[in-house]
Amino acid sequence: MDAMAFADHLEHFFPDREHAELTPRRAGIADVLPGFRVRRIGPAGRGEAYVYVTDGASQTAASGEAGAEYVLAAPREDPVLVEMLAALASVNADPEQGLGVGSVIALGRPWIAGAAAEHLLVAPPYPFGPGVERCELPDREIVVLWLLPITAAEARYVRAQGYDAFEQIMRRHAFNVADPARASLV
């Protein structure tokens, strides 16, 4: 994978923000995804979210096929998020376990300390602006997908009614995507 091209893509969409490349400690990640990193992008201003982005999850895609990277907004720096994203990237490396739009991931614990949400929903990266969702590389394309923390009730709703129905609910409500204390939308 052309890591520099993806880093440049992120710099373009998150200019004038601190970008840090973090190496997860997760055992075996280098065997499954050599060179995998998580990029932590600092907040744009006081009270704004940090952005965590996988960098290397897409490398398992075949030449000419699109691979996925994942983005998550968080209220603060948290090294646990780096490990969580590494675990999700490891799962995604297995073609039979691939995570696409509408996938619901049960974490078995709050996504960040103090949060009500214990699930993640894979969605298009609407909060990050137009264009961030695609990065063209010389040999393939990267699709950037959003990991939205959701509550157990929201996870049940998505599983029962489908992603599109939940997306309509999201469009009707203004909410802070990085707020660990956000109320359930359903």
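On a predicted model such as this, the values are computed, not experimentally measured, just so you know.

A.B. asks: Requested: an account of the pairing of strand β4 (residues 67–74), with residues and values cited.
C.D. replies: The buried count for β4 comes to eight of eight residues, which makes it a mostly enclosed element. Side-chain alternation along β4 places Gly-67, Glu-69, Val-71 and Ala-73 on one buried face and Ala-68, Tyr-70, Leu-72 and Ala-74 on a second face that is also buried. As judged from the five bridges shared by β4 and strand β8 (residues 141–150), these two strands associate in the parallel manner. Looking at β8, one finds that Ala-68 is bridged to Val-143.

A.B. asks: Account for the packing of aromatic side chains, with residues named and values stated.
C.D. replies: For any pair of aromatic rings, geometry is given as the distance between the ring centres together with the angle between the planes. Evaluation of the coordinates by the stated rule reveals three aromatic pairs. Seen from their ring centres, Phe-14 and Phe-128 are 6.4 Å apart, and the 70° between their planes marks the pair as edge-to-face. A residue pair is termed long-range when its members are at least 10 positions apart, and Phe-14 in the loop between α1 (3–13) and β1 (19–22) and Phe-128 in the loop between β6 (119–123) and β7 (134–136) qualify at 114 residues. Under the relative-accessibility criterion, Phe-14 is labelled buried at 5%.

A.B. asks: Any details on helix α5 (residues 163–172)? Residues and values, ideally.
C.D. replies: Those residues of α5 that fall on the buried side of the exposure criterion are Tyr-163, Phe-166, Glu-167, Ile-169 and Met-170. Seen from one end, α5 has its buried residues packed into an arc of 160°, which puts them on one side. In α5, those exposed residues whose orientation departs by more than 90 degrees from the buried face are Asp-164, Arg-171 and Arg-172. Packed against the buried residues of α5 are β6, β8 and α4 (152–161).

A.B. asks: With reference to specific residues and values, describe the environment of Leu-137.
C.D. replies: Mapped onto the elements, Leu-137 comes out in the loop between β7 and β8. Along the sequence, Leu-137 and Gly-108 sit 29 residues apart, while their C-alpha atoms lie 35 Å from each other.

A.B. asks: Outline the packing of α4 against α5, listing residues and values.
C.D. replies: Put simply, α4 and α5 touch, their axes get as near as 6 Å, and they point 130° apart. As judged from the angle between their axes, α4 and α5 are oblique. Where α4 approaches α5, its residues Glu-154, Tyr-157, Val-158 and Gln-161 are matched on the opposing element by Tyr-163, Ala-165, Phe-166 and Ile-169.

A.B. asks: Describe the environment of Asp-55, with residues and values.
C.D. replies: Residue position: Asp-55 is located in strand β3 (residues 50–55). Spatially, the C-alpha atom of Asp-55 lies 12 Å from that of Leu-145, the residues being 90 residues apart in sequence.

Rules of the game
- Residues numbered from 1 in each chain as written.
- Predicted model: local features only at pLDDT ≥ 70, side-chain atom pairs only at ≥ 80, totals over all residues.
- Heavy atoms only, no water.
- Buried < 20%, exposed > 50% of the residue type's maximum accessible area, 1.4 Å probe, protein only.
- Helix = DSSP H or I, 4+ residues; strand = E, 2+ residues; numbered from the N terminus.
- Pairing = 2+ DSSP bridges.
- Phe/Tyr/Trp six-rings, centres within 6.5 Å; stacked < 30°, edge-to-face > 60°.
- Arc of directions from axis to C-beta.
- Contact = heavy atoms within 4.5 Å.
- Axes fitted to C-alpha atoms, helices over the stretch in contact; angles between N-to-C directions.
- Parallel < 35°, antiparallel > 145°, perpendicular 65-115°, else oblique.

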